[in-house]
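# Architecture at a glance
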Amino acid sequence: PLVTLLAALWALPLMGQTQPGKAVVRSLKGTVSYSAAGGTLMPLAAGTVLQAGSTIKTGAGSTVDLFLGTSAGIVRVVENSTVSLDKLTLTDTGADIVVEVQLNVPEGTMLFNAGKLSAASKYEIKVPNGVAGIRGTKGRISSNSYIVLLDGTLIFVHVPSGGTPTPYTLVAPPPVYFSPLEGMKPAPEDLVR
């Protein structure tokens, strides 16, 4: 019993304390609004700090850049898009920072540039017909499950309506492209730009 107690006490400092993450609005252009945890839509301004549960909506010709932290990187919500920050947490394990990010793109397109994540970190982007797990990647994902990956690794599980979930692993460079209709192929130059 004493050995067990000592082992438990020794391991206690190794267990990290989880804290909520945040998304800081770095820049925006045009008409961008947000709601906090299902509240009413309000205009968004540069410098605003968003918490998990927030939803961002962009109008025509509008974009917003959200900084999620050093490891989680930055995302850009492009025009006519909606992105929800479903989960943002940070855990300091003493050895590294473990991030857990869950974003939802029910409509439109989001660009992402995630930093190098610890092995225990989890970064997921949900779309209506699937979910992508990313790790140290740059690319874009649309609500119609079209993906362009410029750098890194992305695992996308496509779930067609009434169909069987199918996993796809995208690795870049060179840039790769996925669509539910065409599968995986080299990314066309116009999509890379």
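Whatever comes next refers back to the structure up there.
This structure is a prediction, so every number in the text was calculated from the model and none was measured. (Residues numbered from 1 in each chain as written. Predicted model: local features only at pLDDT ≥ 70, side-chain atom pairs only at ≥ 80, totals over all residues. Heavy atoms only, no water.)

## Regarding the overall build of the chain
Basically, it comes down to this: Secondary structure elements follow DSSP: runs of H or I no shorter than four residues count as helices, runs of E no shorter than two count as strands, and numbering proceeds from the N terminus. Partly exposed describes any residue whose relative accessible area lies between the buried limit of under 20% and the exposed limit of over 50%, with all areas from a 1.4 Å probe on protein chains only and scaled to the type maximum. Contact definition: two residues touch when any of their heavy atoms are within 4.5 Å.
Each helix and strand counted, the chain has 2 helices and 17 strands in total. A burial count over the chain gives 39% of its 193 residues as buried. Contacts spanning at least 24 positions in sequence make up 43% of the contacts within the chain whose residues lie at least 6 apart.

## A word on the nonpolar core
Put simply, the rule is: For the purposes of this section, nonpolar cores are sets of buried Ala, Val, Leu, Ile, Met, Phe, Trp, Tyr and Cys residues that join through side-chain atoms within 4.5 Å.
Judged by nonpolar contacts, the single largest core of 38 residues is most densely connected at Leu 66, Leu 68 and Tyr 123. Among residues more than four places away in sequence, those in contact with Tyr 123 are Leu 68, Ala 72, Val 75, Val 101, Leu 103, Ala 114, Leu 117, Ala 132, Gly 133 and Ile 134.

## Here's the deal with the packing of aromatic side chains
Heads up, the condition is: The rule is short: rings of Phe, Tyr and Trp, with Trp giving its six-membered ring, pair when the centres are within 6.5 Å, and they are stacked under 30 degrees, edge-to-face over 60, tilted in between. Working rule: Lys NZ or Arg CZ, within 6 Å of ring centre, within 35 degrees of ring normal, means a charge sits over the ring.
If you walk through the whole model with that rule in mind, you get 3 aromatic pairs. Pairing Tyr 146 with Tyr 177 gives two aromatic rings, centres 6.1 Å apart and planes at 70°, and the pair type is edge-to-face. Taken together, the residues Tyr 146 in the loop between β13 (130-142) and β14 (147-158) and Tyr 177 in strand β16 (residues 176-179) connect sequence positions 31 residues apart. Here the aromatic rings of Phe 156 and Phe 178 are separated by 5.4 Å at their centres, their planes lie at 55°, and the arrangement is tilted. One end of the pair, Phe 156, is in strand β14; the other, Phe 178, is in strand β16, and 22 residues separate them in sequence. A residue is classified by how much of its surface remains accessible, and Phe 156, at 0% relative accessible area, is buried. Within the aromatic cluster, the residues linked to one another by ring pairs are Phe 156, Tyr 168 and Phe 178. Positioned above the aromatic ring of Phe 67, the side-chain terminus of Arg 26 is 3.9 Å from the ring centre.

## Considerations on the pairing of strand β2 (residues 23-29)
What counts here: Strand pairing is assigned whenever DSSP identifies at least 2 bridges connecting the two strands.
Pairing analysis gives 2 bridges linking β2 to strand β5 (residues 49-50), with the strands arranged antiparallel. Bridged to Val 24 within β5 is Val 49. Pairing analysis gives 5 bridges linking β2 to strand β7 (residues 63-69), with the strands arranged antiparallel. When the bridges of β7 are listed, Val 24 appears paired with Phe 67.

## A word on the environment of Gly 47
Inspection of the secondary structure puts Gly 47 in the loop between β4 (42-43) and β5. Owing to a relative accessible area of 49%, Gly 47 belongs among the partly exposed residues under this scheme. Setting aside residues no more than four positions away along its own chain, Gly 47 makes contact with Val 24 and Val 25.

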